[in-house]
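Here's the letter readout for the chains.
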Amino acid sequence: MGESIRRLARDMRRAVREGPEAIARRRRARLAELVEHARAHSPYYRELYHGLPEGADDPELLPVTGKKALMARFDDWATDREVTRERVEAFVADPDLVGHRFLGRYLVTTTTGTSGQRGLFVQDDHCLAVHTATGLRTGAGLSARDVLRTLARAGRTAVVTAPRGHFATLAGPARAALDRPWLGRLMRVVPTDQSLESMVDELNRFDPASVAGFVGLLTLLAGEQEAGRLRIRPALVIPGGETLSPQARERLATAFGAKVRAAYACGECGFLTSGCREGWYHVNSDWVVLEPVDADHRPVPPGQLSHTVLISNLANRVQPILRYDLGDSVLMRPDPCPCGNALPAVQVQGRAADLLTFPAEGGERVGISPMSFSTALAVPGMDQFQLVQTAPTVLRVRLRAAGGADADQVWQAARDRVVHLLTEHRAGHVTIERAGEPPEQSAGGKYRKIIPLPGP
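The rules behind these values
Residues numbered from 1 in each chain as written. Predicted model: local features only at pLDDT ≥ 70, side-chain atom pairs only at ≥ 80, totals over all residues. Heavy atoms only, no water. Helix = DSSP H or I, 4+ residues; strand = E, 2+ residues; numbered from the N terminus. Rg over C-alpha atoms; globule rule 2.2 N^0.38 Å. Buried < 20%, exposed > 50% of the residue type's maximum accessible area, 1.4 Å probe, protein only. Areas by Shrake-Rupley, 256 points an atom, 1.4 Å probe, with all protein chains shown as cover. Pairing = 2+ DSSP bridges. Axes fitted to C-alpha atoms, helices over the stretch in contact; angles between N-to-C directions. Contact = heavy atoms within 4.5 Å. Core = buried A, V, L, I, M, F, W, Y, C linked by side-chain atoms within 4.5 Å. Parallel < 35°, antiparallel > 145°, perpendicular 65-115°, else oblique. Left-handed = near helix turned anticlockwise from the far one by under 90°. Nonpolar A, V, L, I, M, F, W, Y, C, P; charged D, E, K, R; others polar. Phe/Tyr/Trp six-rings, centres within 6.5 Å; stacked < 30°, edge-to-face > 60°. Lys NZ or Arg CZ within 6 Å of the ring centre and 35° of its normal.

Caption draft 1: How the structure looks around the overall build of the chain. The helix and strand inventory of the chain stands at 15 helices and 20 strands. On C-alpha atoms alone, the chain measures out to a radius of gyration of 22 Å, which is about the 23 Å that the 2.2 N^0.38 rule sets for 456 residues. Projecting the C-alpha coordinates of the chain onto the three principal axes gives extents of approximately 60 × 60 × 45 Å. Residue burial in the chain is summarised as follows: out of 456 residues, 52% are buried. Carbon and sulfur atoms form 53% of the exposed surface of the chain, whose accessible area is close to 19700 Å².

Rendered as structure tokens:
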């Protein structure tokens, strides 16, 4: 697969050098090819695309899909008739098979199901090669000093994640270790089911050159680094899985003295974007179609926040993901990014499904985005928060104060900020409760900042 990765990376760099039209030309050709492949080999898409003209290279011609529809038609969705839900479910039920090749040729990953339904995703070597090549195209923007720091630590990478399961954060490193044992020795999964003290001890012993994990967990570790208990000097910190606020980015960079390259990706498309030093996510638009849209799936112009976003992964031929409603609210940058990356850039405000809605004082309903709460709760001494809507007008606030901070003062500051935000949105009558329990992790190790009231 090494030569394939190098060839793909060369083409990706050439596409950027040649400019937007070259990128668009590749994207249109790959979309048209994948649509025809899906229609020829997937009963689901053959039915969905009945009547679609041949050579369709405009995504707006395609019907919208989503996790619920695809998982319901799992066997008909896959283009390989040997890939069935029964076989995949049996495979992921065995934690000892994480990273191993399903049917001798595929990588299988799962999502945690925090959005209401677990995803099961199958990828072939070509899709994985595209993923790796996109990383080679952009790199991490490391300075000479960063490179020396990386070499001094032999390029060791620590991934702070769930201890067991076929999650992408586990399956990817496990596959790399199985395919290249020498690479496996340079990677360490730091499980999140142990105490914070144990995680700190393990990281201190491993002394990684880069650290990856969910934003909430890395923020906790930043607190340990600030307190002097964690003593690592990575060149690169890679937060993912949750929206990264500017305040959290700055804290991670300062605490670790490292470059912070946030990743906006998903189980449906692991190479969706590459983060930059300016805090934007650059879309790998020669291999991905990303469409910010409103609630009726109509295009939203750059500079305007979308209701949701549709993605098409142009590399996955086993489970074609085409005009897939991801549920995230994004804003497309209307002008060139100062970082110099010519690929289109987006910022992510959080999942539309995580929007908190309350009855307003006038009788109608108002919604408040996850990013608004993240900004409001950037208070001194706050390590982590989690908002749980337990009733239409009740919001339970789980907090974890930083070491040495006065928990009561942190709570009072947080409560005042939340009350102010709610009042601004005409929802000042909402009851704010202080939770006795700390923020809770999902099965995959993620701390969801917002847990809305369950739907009917």
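After that view of the structure, there is still more to cover.
Caption draft 2: Summary view of helix 11 (residues 196-206). For helix 11, the set of buried residues is Met 199, Val 200, Glu 202, Leu 203, Asn 204 and Phe 206. In the stretch just after helix 11, Asp 207 is the one whose phi turns positive, near 50°.

Caption draft 3: Looking closely at the sheet that holds strand 10 (residues 288-293). In spatial order, the strands read 10-11-12; together these 3 strands make up an open sheet with antiparallel pairing. Edge positions in the open sheet fall to strand 10 and strand 12 (321-325), since each of these has one partner strand only. Across the sheet, the mean angle from the axis of one strand to that of its neighbour is 15°, orientation sign disregarded. Two elements, strand 10 and strand 11 (residues 308-313), share 6 bridges in a ladder whose sense is antiparallel. Within the sheet, the bridge partner assigned to Val 289 lies in strand 11 and is Ser 312. Together, strand 10, strand 11 and strand 12 form the strand contacts of helix 2 (residues 20-41), whose direction differs from that of strand 12 by roughly 100°.

Caption draft 4: Quick look at the environment of Val 379. Mapped onto the secondary structure, Val 379 falls in the loop between helix 14 (370-376) and strand 17 (382-391). Since its relative accessible area comes to 6%, Val 379 is described here as buried. For the pair Val 379 and Trp 411, spaced 32 residues apart in sequence, the C-alpha separation works out to 9.5 Å. In this structure Val 379 touches Val 410, Ala 413, Ala 414 and Arg 417, once residues within four positions along its chain are discounted.

Caption draft 5: Looking closely at unusual backbone geometry. With a phi angle near 65°, His 297 is a residue other than glycine that sits in the positive phi range. Turning to its location among the elements, His 297 is positioned in the loop between strand 10 and strand 11. Phi angles above zero are rare outside glycine, and Arg 323 is one such case at about 50°. Inspection of the secondary structure assignment puts Arg 323 in strand 12. On the basis of relative accessible area, Arg 323 is assigned to the buried category, the value being 6%.

Caption draft 6: Layout of the nonpolar core. Val 83, Val 88, Phe 256, Tyr 264, Leu 272 and Leu 322 are the most contacted members of the largest nonpolar core, which has 84 residues in total. With 6 residues, helix 12 (residues 215-227) is the single largest residue contributor to this core. Excluding residues that lie within four positions of it along the chain, Val 88 makes contacts with Phe 74, Val 83, Phe 102, Val 108, Leu 120 and Val 122. In this structure, Phe 373, Val 397, Ala 427 and Ile 432 belong to the second largest nonpolar core, which totals 25 residues.

Caption draft 7: Region of the structure containing the packing of helix 12 against helix 13 (residues 246-256). For the pair helix 12 and helix 13, interaxial distance at closest approach is 9 Å and the crossing angle is 40°. For the element pair helix 12 / helix 13, the angle class is oblique. Once helix 12 is placed against helix 13, the crossing between them reads as left-handed. Residues Leu 218, Thr 219, Leu 221, Ala 222, Gly 223, Gln 225 and Glu 226 of helix 12 form the contact with helix 13, whose own contacting residues are Arg 251, Leu 252, Ala 255 and Phe 256. For the contact of helix 12 with helix 13, the class distribution of residues is 6 nonpolar, 3 polar and 2 charged.

Caption draft 8: Expanded view of the packing of helix 11 against helix 12. Contact geometry of helix 11 with helix 12 gives a least axis separation of 11 Å together with a crossing angle of 70°. Between helix 11 and helix 12, the angle is such that the two are roughly perpendicular. Contacts between helix 11 and helix 12 pair Leu 196, Val 200 and Leu 203 from the former with Leu 220, Leu 221 and Glu 224 from the latter. Looking at the contact of helix 11 with helix 12 residue by residue, the classes come out as 5 nonpolar, no polar and 1 charged.

Caption draft 9: Seen up close, the packing of aromatic side chains. This structure, assessed with the given rule, holds 6 aromatic pairs. Between Tyr 45 and Tyr 49, the aromatic rings sit 5.2 Å apart at their centres with planes inclined by 45°, giving tilted as the arrangement. Taken as a pair, Tyr 45 and Tyr 49 share a single burial class, namely buried. Of the aromatic side chains, those joined through ring pairs into one cluster are Tyr 44, Tyr 45 and Tyr 49. Positioned over the ring face of Trp 287 is Arg 30, at 3.8 Å from the centre of the ring. A cation over an aromatic ring shows up here: Arg 156 above the ring of Phe 206, its NZ or CZ 5.8 Å from the ring centre.

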